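Below are the chains, spelled out letter by letter.
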Amino acid sequence: MVTKNSEWISFLRQYGPIPRNDNMYDETIQRIIKKKKVTPIKINMVYLDELVKNFKSTVPVSVILTGTAGDGKTYYCREVWKQLGGSEVLWNENHKINELIVNGNKVIFIKDLSELSDDEKETLTLMADSVMSENINVVYMVAANDGQLLDSWKKIDQTYNVINTRQIIEELLIEGKQRKNDFRIKLYNLSQTNSAYVFPELVKEILNNPGWEECTNCPYSSEESMCPILENKKRLENEEDLIIERLTDLLSLCEVNELHIPLRQLLLLVSNMLLGHPDVKDKLLKCKDIPKIIDDNSLYKASIYRNIFGENLLERKRNSIDIFLTLNRFGIGTETNALIDNILIFGEDDNQYSELYKKLVLSDKYYGADATFISEKKAYLEGDLLDKYSFLDLLKSQRQRLFFVIPKDQEEILKIWNLTTFHYAGEFLNEVYKSLLEQKRVHSQYTTRMVKGLNRIITGLLVEDKDRLILSTSGNSSQAKVSRVLEEFISVKQNRGEYVKFELDNDTQKIYLTVGFSNDIPPVRLHLQLIRFEFISRVAEGTLPGSFSRECYEDILAFKSRLLKFQQN
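Definitions and cut-offs
- Residues numbered from 1 in each chain as written.
- Predicted model: local features only at pLDDT ≥ 70, side-chain atom pairs only at ≥ 80, totals over all residues.
- Heavy atoms only, no water.
- Helix = DSSP H or I, 4+ residues; strand = E, 2+ residues; numbered from the N terminus.
- Buried < 20%, exposed > 50% of the residue type's maximum accessible area, 1.4 Å probe, protein only.
- Contact = heavy atoms within 4.5 Å.
- Pairing = 2+ DSSP bridges.
- Axes fitted to C-alpha atoms, helices over the stretch in contact; angles between N-to-C directions.
- Phe/Tyr/Trp six-rings, centres within 6.5 Å; stacked < 30°, edge-to-face > 60°.
- Disulfide = S-S within 2.5 Å.
- Salt bridge = Lys/Arg side-chain N within 4 Å of Asp/Glu carboxyl O.
- Expected span 1.5 Å × (residues − 1).

Quick question: what am I supposed to make of the overall build of the chain here?
Scanning the chain from N- to C-terminus turns up 25 helices and 10 strands. Judged by the C-alpha coordinates and their principal axes, the chain covers about 80 × 80 × 35 Å. The 569 residues of the chain split such that 54% are buried. If you take every contact in the chain between residues at least 6 apart in sequence, the share linking residues at least 24 apart comes to 65%.

Quick question: what am I supposed to make of the sheet that holds strand E10 (residues 524-527) here?
Strand pairing in a sheet is mediated by backbone hydrogen bonds. Such pairs are either parallel or antiparallel. In space, the three strands of this open sheet follow the order E8-E9-E10, with antiparallel pairing throughout. Sheet topology places strand E8 (499-504) and E10 at the edges, where each strand pairs with a single neighbour. Pairwise comparison of adjacent strand axes, ignoring direction, gives a mean angle of 25° for this sheet.

Is there a simple way to explain unusual backbone geometry in this structure?
With the exception of glycine, most residues fall at negative phi, and the peptide bonds are largely trans. Phi at serine 133 is positive, roughly 70°, even though this residue is not glycine. Mapping serine 133 onto the fold places it in the loop between helix H6 (123-131) and strand E4 (138-145). Take serine 133: its relative accessible area is 42%, and that puts it in the partly exposed class. Residues other than glycine seldom take positive phi values, yet arginine 496 does so here, at roughly 55°. By secondary structure assignment, the location of arginine 496 is in the loop between strand E7 (485-491) and E8.

When you look at the packing of aromatic side chains in this model, what are you seeing that I'm missing?
Both the distance between ring centres and the angle between the ring planes are used here to describe each pair of aromatic rings. Scanning the model with the defined rule gives 18 aromatic pairs in all. Taking the centre distance of 5.5 Å and the plane angle of 40° together, the rings of tryptophan 81 and tryptophan 91 count as tilted. Here tryptophan 81 is found in helix H4 (residues 73-83), whereas its partner tryptophan 91 is found in helix H5 (residues 88-91), with 10 residues between them in sequence. Under the relative-accessibility criterion, tryptophan 81 is labelled buried at 0%. For tryptophan 91, a relative accessible area of 2% puts it in the buried group. When the ring of phenylalanine 309 is compared with that of phenylalanine 404, the centres are 6.1 Å apart and the planes differ by 45°; the resulting orientation is tilted. Of this pair, phenylalanine 309 sits in the loop between helix H14 (304-307) and helix H15 (315-318) while phenylalanine 404 sits in helix H20 (residues 388-405), placing them 95 residues apart in sequence.

What's the story with the state of the cysteines in this structure? I'm lost.
Defined simply, a disulfide is a covalent bond joining two cysteines at their sulfur atoms. Under the definition given, this model contains zero disulfides. Just so you know, cysteine 215 is unpaired, no disulfide at all, and the nearest cysteine sulfur is the one on cysteine 287, 6.0 Å from it. Looking at cysteine 227, it has no disulfide partner, and the nearest cysteine sulfur is the one in cysteine 218, 5.8 Å off. Given the relative accessible area of 6%, cysteine 227 is considered buried.

Would you mind showing me how to read the environment of isoleucine 308 here?
With respect to the secondary-structure elements, isoleucine 308 resides in the loop between H14 and H15. Between the alpha carbons of isoleucine 308 and leucine 462 there is a distance of 41 Å; along the sequence they are 154 residues apart. Not counting chain neighbours up to four residues away, the residues in contact with isoleucine 308 comprise Ile243, Leu247, Leu269, Met273, Phe324, Leu327 and Phe404.

I'm lost on the pattern of salt bridges in this one. Help?
Between side chains of opposite charge, a pair can form as their charged atoms come close. Within the structure shown, the criterion is met by 35 salt bridges. Close ionic contact of lysine 204 with glutamate 201 constitutes a salt bridge, the shortest N to O distance being 3.9 Å. Here lysine 204 pairs with glutamate 201, and both are found in helix H9 (residues 195-207), just three residues apart, close to one helical turn. For lysine 204, a relative accessible area of 46% corresponds to the partly exposed category. Residue class for glutamate 201 comes out partly exposed when judged on its relative accessible area of 43%. Residue glutamate 258 pairs with lysine 510 through a salt bridge whose shortest N-O separation is 3.4 Å. One end of the pair, glutamate 258, is in the loop between helix H11 (243-256) and helix H12 (263-275); the other, lysine 510, is in the loop between E8 and strand E9 (511-516), and 252 residues separate them in sequence.

I'm lost on H11 in this one. Help?
Owing to its 3.6 residues per turn, the α-helix brings residues three or four apart onto one side. With 14 residues, H11 extends 20 Å from end C-alpha to end C-alpha; this agrees with the ideal 20 Å at 1.5 Å per step. Where H11 is concerned, the buried positions are Ile243, Arg246, Leu247, Thr248, Asp249, Leu250, Leu251, Ser252, Leu253, Cys254, Glu255 and Val256. Following H11 by one or two positions, glutamate 258 adopts a phi angle in the positive range, close to 60°.

Sorry if this is basic, but what is going on with the pairing of strand E1 (residues 62-67) here?
Two faces belong to every sheet, and in a regular strand the side chains alternate between them. The buried fraction of E1 amounts to six of the six residues, a majority that puts the element mostly inside the structure. Where burial is concerned, the two faces of E1 agree: the one with Ser62, Ile64 and Thr66 and the one with Val63, Leu65 and Gly67 are both buried. As defined by bridge partners, E1 adjoins strand E5 (residues 185-189) across five bridges and the pair is classed as parallel. Bridged to isoleucine 64 within E5 is leucine 187. As paired elements, E1 and E4 share five bridges and run parallel to each other.

I tried to follow the sheet that holds E5 on my own but got confused; where do I start?
Across the sheet, which stays open at both edges, the five strands sit in the order E2-E3-E4-E1-E5 with mixed pairing between neighbours. Unpaired on one side and paired on the other, strand E2 (97-102) and E5 mark the two borders of the sheet. Each adjacent strand pair in this sheet contributes to an overall mean axis angle of 15°, direction not counted. Docked against the sheet, H6 engages E1, E2, strand E3 (105-110), E4 and E5, running at close to 120° with respect to E4.

Right under this line is the structure:
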């Protein structure tokens, strides 16, 4: 069968992990949109209306867009420019600085502060004058990566206004605020945009793009000879597959742990999920590749579940891409439990696991019960496998797949979070973080487990006490591994000012375990990242993994020292 090249698929590849000049990313995408005449991917721009309204007002203020590379700063600048009446042709001429007159005010756009030469950066002195209200008819819109923003302000002529403006910007960055007093500047940190909120909308936008209509008459769109790109698309659209929901959970855990995923990385992830395959150019499928991979029986290598973790890429390439580095920290595929592996390996022949095997493996003829996995498994069990690592790699892919297909009603039975490095991640996300986000009370069992784990770390003993926090020392050191000298008990339940509870900082979205004292002593907080929650939970349940425990252990001892210091004051 002859395949017709799809301009939409070719365009979607441009967002994937292919070689490009990242400094010209936005310009490259816009050029390809015009050349291929495809409908662009529209991204929900939270601040767009607010920014346009600012520059159209009679007293506009300057704006700095900051964040990490790929957060959409240039995209914002271009859209604001267009909505203010700027020429798209002029914008595409790639001038470093563009100017526009809006309601009698001059608006100066700097697409990328890092692209300016040292001499060109001196224009920031004029911006500083505007910020300090000395030149109110000129305002700026500046895009700058957070790591370069302050550095650029330090390198220009240090006038009185420049020094003050730089201090204001630094304070806004530290405090996470947009504006300070009446100074004529607003700072938008796009890194504060939550990727877990953006991702589902982004996937929906890509799946609903009219470009997919090109695939309607494709000869490989039937069940008998299905194009893996369309198969992966179908799985993203199928709510029962839980891919979007569980990926969103992983992204939420990243955000809570201050691992921000830029928009560009999310686009790269979705492109790779749909198009990834290890045996084609750039490891991303084109329409012309489909007949060959069907003939080679390598459809299973295009599995969306593998592509989520960048398994289609060479290890060196995969480890150079932030989104895959971050997702692979969860260890999905390498971590497992006995029940899951028994289902995958023995389910075909063992009645104990046969029903689950049929439901979770045989029901998926493309990426579950494909001929390669079945034959390699049989050879592995019979001892006829020459290369056991090839089967173990297939087994890893099956575990990755199961993380996204195990039904919700079987999550507890099959212990889905045991397929990750963080066995308590589900509780941390659903029972702690989401409860706090919805202003609900966190169940006491999670607080008491934290207290039990802390007591064991603080004392160095296998204590069972979980209704009160034990503060103890060795008599001469709070940092001793075993501390048998009791200093104080602190009640977990609220009692005369004492308490132990979870708290969420509404500004930063950080989770804290807060210990309150009696009298007027201020409470002491422990920033509860996922890894600390996991560490304390495992200690409470009697298992202490050495792989990530040393740093966590020292963090808890430092927390203990702060508790003792406040208690003794």
